[in-house]
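Close look at the chain arrangement
Spelled out, the chains give:
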Amino acid sequence: MSRRHDKKDMEQELAAREACEAEGESVERILDEGSDETVLETPDSIEDAKDRLVLELKDALLRLTAEFDNYQRRTQREKEQLYADSVADVALQWLPVLDNLERAAAVAGANPSAEAAPIADGIAMVLRQANETMARIGVEEVPALGTAFDPHLHNAVMHIEDESLGTSVVAEVFQKGFRCGGKVIRHSLVKVAN
């Protein structure tokens, strides 16, 4: 309820109180919303008005509390989603580096010489550390080789006929796919059989 008083209303209320106190009565002034009239009410109606006011305030408080709880949950979800999206974006930028490390390890492992062995070992250690770091931040490789083709996970760039493989089976992986938190950040580039 709105309780705006201007000087005239306050003077009227004071005069009404003095008149009632002189007669020995207890009176409260209750203004209806938008009304400029001074209303003198009995103690029972005053209690009813107080009860209505209390109920309205309780309802407003409950609504405000629920709205605040919803706001907190929504901002927490947004914060978690922002973190997951940021991790996925950074991981996507690092995937070419990881691909090049795998190529370097494959080349170094294919040419075993005494001179290249320490370099091959160093590349393998860096590659292992990079894979472990990606796993710690929630980035995992999408399984592809030998699995059924899934357009949500794989991108078929070639098709072959091979009776030794089943229908729509991934026969070869050209580029690994990765996902972060269930969201695919890069599809696997694959060759599909049959």
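For the structure, see preceding data.
Presented here is an overview of the structure given in this document.

When helices and strands are counted, the protein chain shows three helices and six strands. Each helix (α) and strand (β) of the protein chain, taken in turn from the N terminus, gives the series α-α-α-β-β-β-β-β-β. Looking at the protein chain as a whole, 21% of its 194 residues qualify as buried. Split by element, the accessible area of the protein chain, about 13900 Å² in all, is 55% carbon and sulfur.

An ideal rise of 1.5 Å per residue puts 100 Å on 68 residues; helix α2 (residues 43–110) measures up with 98 Å between its terminal C-alpha atoms. Roughly 35° is the biggest bend found in α2, and it falls at Trp94, with proline Pro96 one to four residues downstream. Inspection of α2 places Ile46, Ala49, Val87, Ala88, Ala91, Leu95, Leu98, Asp99, Leu101, Glu102 and Ala108 among the buried residues, and these make up the whole buried set. Next to the buried residues of α2 lie α3 (117–136), β1 (139–142), β3 (169–175), β4 (177–180) and β5 (183–186).

Now for the nonpolar core. Ranked by size, the top nonpolar core spans twelve residues in total: Val87, Ala88, Ala91, Leu95, Leu98, Leu101, Leu127, Met134, Val139, Phe178, Cys180 and Ile185. For this core, the secondary structure elements donating two or more residues are α2, α3 and β4. By residue number, the principal contributor to this core is α2, which donates six residues. For Leu101, the residues in contact, after removing those within four places along its chain, are Ile123, Val126, Leu127 and Ala130.

As a packed pair, α2 and α3 sit with axes 9 Å apart at the nearest point and diverge in direction by 150°. For the element pair α2 / α3, the angle class is roughly antiparallel. Judged by the twist between their axes, the crossing of α2 over α3 is left-handed. Mapping the contact onto sequence places Ala91, Leu95, Leu98, Leu101, Glu102, Ala104, Ala105 and Ala108 in α2 and Ala120, Ile123, Val126, Leu127, Ala130, Asn131 and Met134 in α3. For the contact of α2 with α3, a count of residues per class yields 13 nonpolar, one polar and one charged.

With that settled, consider unusual backbone geometry. Phi angles above zero are rare outside glycine, and Ser168 is one such case at about 55°. Phi at Asn194 takes a positive value of approximately 55°, unusual for a residue other than glycine. Tracing the chain through its elements places Asn194 in the segment after β6 (188–193). Under the relative-accessibility criterion, Asn194 is labelled partly exposed at 22%.

Parameters and conventions
Residues numbered from 1 in each chain as written. Predicted model: local features only at pLDDT ≥ 70, side-chain atom pairs only at ≥ 80, totals over all residues. Heavy atoms only, no water. Helix = DSSP H or I, 4+ residues; strand = E, 2+ residues; numbered from the N terminus. Buried < 20%, exposed > 50% of the residue type's maximum accessible area, 1.4 Å probe, protein only. Areas by Shrake-Rupley, 256 points an atom, 1.4 Å probe, with all protein chains shown as cover. Expected span 1.5 Å × (residues − 1). Bend = angle between axes of the 7 residues up to and from the residue. Contact = heavy atoms within 4.5 Å. Core = buried A, V, L, I, M, F, W, Y, C linked by side-chain atoms within 4.5 Å. Axes fitted to C-alpha atoms, helices over the stretch in contact; angles between N-to-C directions. Parallel < 35°, antiparallel > 145°, perpendicular 65-115°, else oblique. Left-handed = near helix turned anticlockwise from the far one by under 90°. Nonpolar A, V, L, I, M, F, W, Y, C, P; charged D, E, K, R; others polar.

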